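Fold and contact review
Here is what each chain is made of, one letter per residue.
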Amino acid sequence: MASEDPSNFQDFLPLMAHKLGGEGLMSELCNGFNLLMDSSKGVITFESLKRNSALLGLEGLSDDDLWSMLREGDFDGDGALNQMEFCVLMFRLSPELMEESEFWLEDALQHELKNYH
């Protein structure tokens, strides 16, 4: 059951980051957000998370686990996750990515600077 071993999901993010680079990782996180969100509200709600979590391999999570994810990532207290909150939560759930986030931010900024000049 996925809720018994949360590291299963965390292990994929660093691999994705190394493979895709900073910009690619952010793009994939946005795609993940779009898969989980309630399209009529533009945010991830408990109901949309529960309904769509199997798309990301999270079908084994209990309702308590899903509510915990929402509470942990919900910075503005509205009971849902907007895109920024979701991306921050994904980084927070992956300790290795937190350690490497400065590198990925620098990589994305350098890419933007190259495109700017």
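Per chain, residues are indexed from 1 in the order of the written sequence. Note on the predicted model: pLDDT of at least 70 is required for a residue's local features to be given, and 80 or more for side-chain atom pairs to be given and counted; whole-chain, interface and lining totals, by contrast, use all residues. By convention in this description, side-chain values take in all heavy atoms of the structure and omit both hydrogens and water.

1. Brief notes about the packing of aromatic side chains
Aromatic rings from Phe, Tyr and Trp, taking only the six-membered ring of Trp, are treated as a pair when their centres fall within 6.5 Å; an angle between ring planes under 30 degrees marks them as stacked, one over 60 as edge-to-face, and anything in between as tilted. Within this structure, the stated rule accounts for two aromatic pairs. Seen from their ring centres, Phe-33 and Phe-86 are 6.0 Å apart, and the 55° between their planes marks the pair as tilted. Of this pair, Phe-33 sits in helix H2 (residues 12-36) while Phe-86 sits in helix H5 (residues 83-92); the two residues are 53 residues apart in sequence, bridging distant segments of the chain. Note on classification: 1.4 Å probe, protein chains only; a residue is buried when its accessible area is under 20% of the maximum for its type, exposed when over 50%, partly exposed between these limits. For Phe-33, a relative accessible area of 3% puts it in the buried group. Residue Phe-86 is classed as buried on the basis of its relative accessible area, which comes to 4%. An angle of 5° between the planes, with centres 4.3 Å apart, marks the rings of Phe-46 and Trp-67 as stacked. Only DSSP runs of H or I covering at least 4 residues are called helices, and only runs of E covering at least 2 are called strands; the numbering of each starts at the N terminus.

2. A word on the side chain of Ser-53
In this fold, Ser-53 is placed in the loop between helix H3 (46-52) and helix H4 (63-73). By the criterion applied in these results, polar contacts are pairs of N or O atoms within 3.5 Å in which, for protein atoms, one can donate a hydrogen and the other can accept it, and in which residues neighboring in sequence qualify only through two side-chain atoms. A distance of 3.5 Å separates a polar side-chain atom of Ser-53 from the backbone oxygen of Lys-50. Once residues lying within four places of it in the same chain are set aside, the contact partners of Ser-53 are Leu-36, Leu-58 and Glu-59. In what follows, a contact means two residues having at least one pair of non-hydrogen atoms within 4.5 Å.

3. Some details on H5
Among the residues making up H5, those that are buried are Glu-85, Phe-86, Cys-87, Leu-89, Met-90 and Phe-91. Backbone nitrogen of Met-84 and a side-chain oxygen of the N-cap are separated by 3.1 Å at the start of H5; the cap is Asn-82.

4. What about the nonpolar core?
With 19 residues, the main nonpolar core has Leu-29, Ile-44, Leu-49, Leu-70, Phe-86, Leu-89 and Met-90 as its most contacted residues. Of all the elements in the fold, those that place two or more residues in this core are H2, H3, H4 and H5. It is H5 that provides the largest number of residues to this core, a total of five residues. Side-chain atoms within 4.5 Å are what join buried Ala, Val, Leu, Ile, Met, Phe, Trp, Tyr and Cys residues into a set we call a nonpolar core.

5. Thoughts on the environment of Ser-62
Checked against the element boundaries, Ser-62 lands in the loop between H3 and H4. Judged by relative accessible area, Ser-62 falls into the partly exposed class, the value being 25%. Taking the C-alpha atoms as reference points, Ser-62 and Lys-50, 12 residues apart in sequence, are found 8.9 Å from one another.

6. Some points on H4
Taken as a whole, H4 has its buried residues at Leu-66, Met-69, Leu-70 and Gly-73. Each buried residue of H4 lies within a common arc of 95° when the element is viewed along its axis, so the set occupies one face. Pointing more than 90 degrees away from the buried face of H4 are the exposed residues Asp-64 and Arg-71. Contacts from the buried residues of H4 go to H3 and H5. Regarding the arc, it is the one traced by the directions from the helix axis to the C-beta atoms.

7. A word on the state of the cysteines
In this description, a disulfide is simply a cysteine sulfur pair whose atoms lie within 2.5 Å. Taken as a whole, this structure holds zero disulfides when the rule is applied. This cysteine, Cys-30, is not joined by any disulfide, and Cys-87 carries the nearest cysteine sulfur, 4.8 Å off. Judged by relative accessible area, Cys-87 falls into the buried class, the value being 9%.

8. Considering the confidence of the model for the chain
Confidence scores per residue from the predictor, reported as pLDDT, run from 0 to 100. For the chain, per-residue confidence averages 77 on the pLDDT scale, and 72% of positions sit at 70 or higher. In the model of the chain, helix H1 (residues 7-10) stands out as the element of lowest mean pLDDT, 44, in contrast to H3, which has the highest, 93. Counting interchain partners and residues more than four positions distant, the pLDDT-below-50 stretch residues 1-10 has 12 contacts.

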